[in-house]
Each structure stands twice: as C-alpha cells, then as structure tokens.
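Secondary and tertiary structure notes
Take a look at the letters that make up each chain.
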Amino acid sequence: GGCGCATGEIIVFWNGKKFSKEENLIGTADAWASESINFIYPVDMEGKKNTLIKVSLLYVDSLPNEKVKRRMIKEYYYWNGDELVSDKTRKKEDKTYIVDE
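First, a word on what this report is: a plain description of the structure on this page. Keep in mind the model is a prediction, meaning the values are calculated, not measured.

**What about the pairing of strand E3 (residues 35-40)?**
- In the sheet, strand E2 (residues 19-29) pairs with E3 via 2 bridges, with the strands oriented antiparallel. In the strand pairing of E3, Gly27 is matched with Ser36.
- Connecting E2 to the antiparallel partner E3 that follows it, the hairpin turn spans 5 residues, and Ala31 within it adopts a positive phi of roughly 50 degrees.
- Pairing of E3 with strand E4 (residues 52-63), which is carried by 5 bridges, proceeds in the antiparallel orientation. Its bridge partner lying in E4, Ser36 is registered against Leu57.

**A look at the pairing of strand E1 (residues 5-14)**
- In this sheet, E2 lies alongside E1 in antiparallel orientation, the contact comprising 10 bridges. Residue pairing across strands places Ile10 opposite Asn24, the latter belonging to E2.
- What sits between E1 and E2 in their antiparallel hairpin is a turn of 4 residues, with Gly16 showing a positive phi close to 95 degrees.

**Comments concerning the pattern of salt bridges**
- On inspection of all chains with the given rule, the structure shows 4 salt bridges.
- Glu23 is the salt-bridge partner of Lys54, the closest N and O atoms lying 2.8 Å from each other. Of the two residues, Lys54 is situated in strand E4 and Glu23 in strand E2; the sequence distance between them amounts to 31 residues.
- Given the relative accessible area of 12%, Lys54 is considered buried.

**Focus: a nonpolar patch on the surface**
- A surface patch of nonpolar side chains, about 470 Å² in accessible area, is lined by Ile10, Val12, Trp14 and Phe19.
- Tracing the sequence through the fold places Phe19 in strand E2.

**Quick look at the nonpolar core**
- Counting 8 residues, the largest nonpolar core is built from Ile11, Phe13, Leu25, Ile37, Phe39, Leu52, Tyr77 and Leu84.
- At the level of secondary structure, the elements contributing two or more residues to this core comprise E1 and E3.
- Setting aside residues no more than four positions away along its own chain, Tyr77 makes contact with Asn50, Thr51, Leu52, Lys54, Leu84, Val85, Ser86 and Asp87.
- Grouped together as the second largest cluster of nonpolar side chains are 5 residues, Ile40, Ile53, Met72 and Tyr76 included.

About the cut-offs
Along each chain, numbering runs from 1 in the same order as the chain's sequence is written. Only residues with pLDDT of 70 or above have their local features reported here, since the model is predicted, and side-chain atom pairs are shown and tallied only from 80 upward, although totals for entire chains, interfaces and linings are computed over all residues. Excluding hydrogens and water, the side-chain figures rest on all heavy atoms present in the structure. Here a strand pair is declared whenever DSSP counts at least two bridges between the two strands. For the purposes of this entry, the term helix denotes a DSSP run of H or I that reaches at least four residues, the term strand denotes a run of E that reaches at least two, and both are numbered from the N terminus. The working definition used for a salt bridge is a side-chain nitrogen of Lys or Arg within 4 Å of a carboxyl oxygen of Asp or Glu. The buried label goes to any residue with under 20% of its type's maximum accessible area, the exposed label to any with over 50%, and the partly exposed label to all in between, with areas taken from a 1.4 Å probe on protein chains only. For patch detection, residues must exceed 30% relative accessible area and be free of salt bridges, and they are connected within 9 Å for like charges or within 5 Å for nonpolar side chains (Val, Leu, Ile, Met, Phe, Trp, Tyr). The protein chains shown are the only cover counted for residues, whose accessible areas, like all others here, come from Shrake-Rupley with a 1.4 Å probe. Throughout this description, the term nonpolar core refers to a set of buried Ala, Val, Leu, Ile, Met, Phe, Trp, Tyr and Cys residues connected via side-chain atoms within 4.5 Å. What makes two residues a contact is simply this: any of their non-hydrogen atoms within 4.5 Å.

Here it is as structure tokens:
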C-alpha cells in the first residue's frame, strides 16, 4: 500500500475438517503515523513453539521536536484445534516509546 492506504491480512485456519476465520490483521501505511498488526508464527525466527504472537504497533501522538509517541503490544495465543485461544500463562507486553518522525 501507499501513503494512507489500508493494509493487512485475513487469517484463516484449517483444522482438517473446516476453515475458520480467526483474525483480521490490519494496518495503515501512513509514514510516521503508520500502524500494523501482525502475527509471529512458531516457525519465524522470533517465534515460540506452539505459540502465535500478535504484535500491534500503534501511533499514539505527535510530540514537539519532530518526535512521535508509539505503542507496541504483544499478545500470546495458541490453536486448540478449533479456535485461537489467548494464552493466559503468558503476560501481555504493552510498551510505549518515543521515536523521531
């Protein structure tokens, strides 16, 4: 996508019998105000065995001196054979940080 365009994926799982739509991973490609939601899968370099990691990178606010406040949220899930389930044994990570525009 280009500046201001919507981006993302629709995630569908197959359990051997049926498809189920599990997640909309959305985003927008708008320079410093861009946002995205993605999965890190177990086979990815940053992946964890039997775990899907949902990473949300969000725009929060513009600050003086061409700085931007952003937020990163990591949530952990697993597939139970029928649906995607939040992994309550792992703590959700929620960090706010400041970057240059």
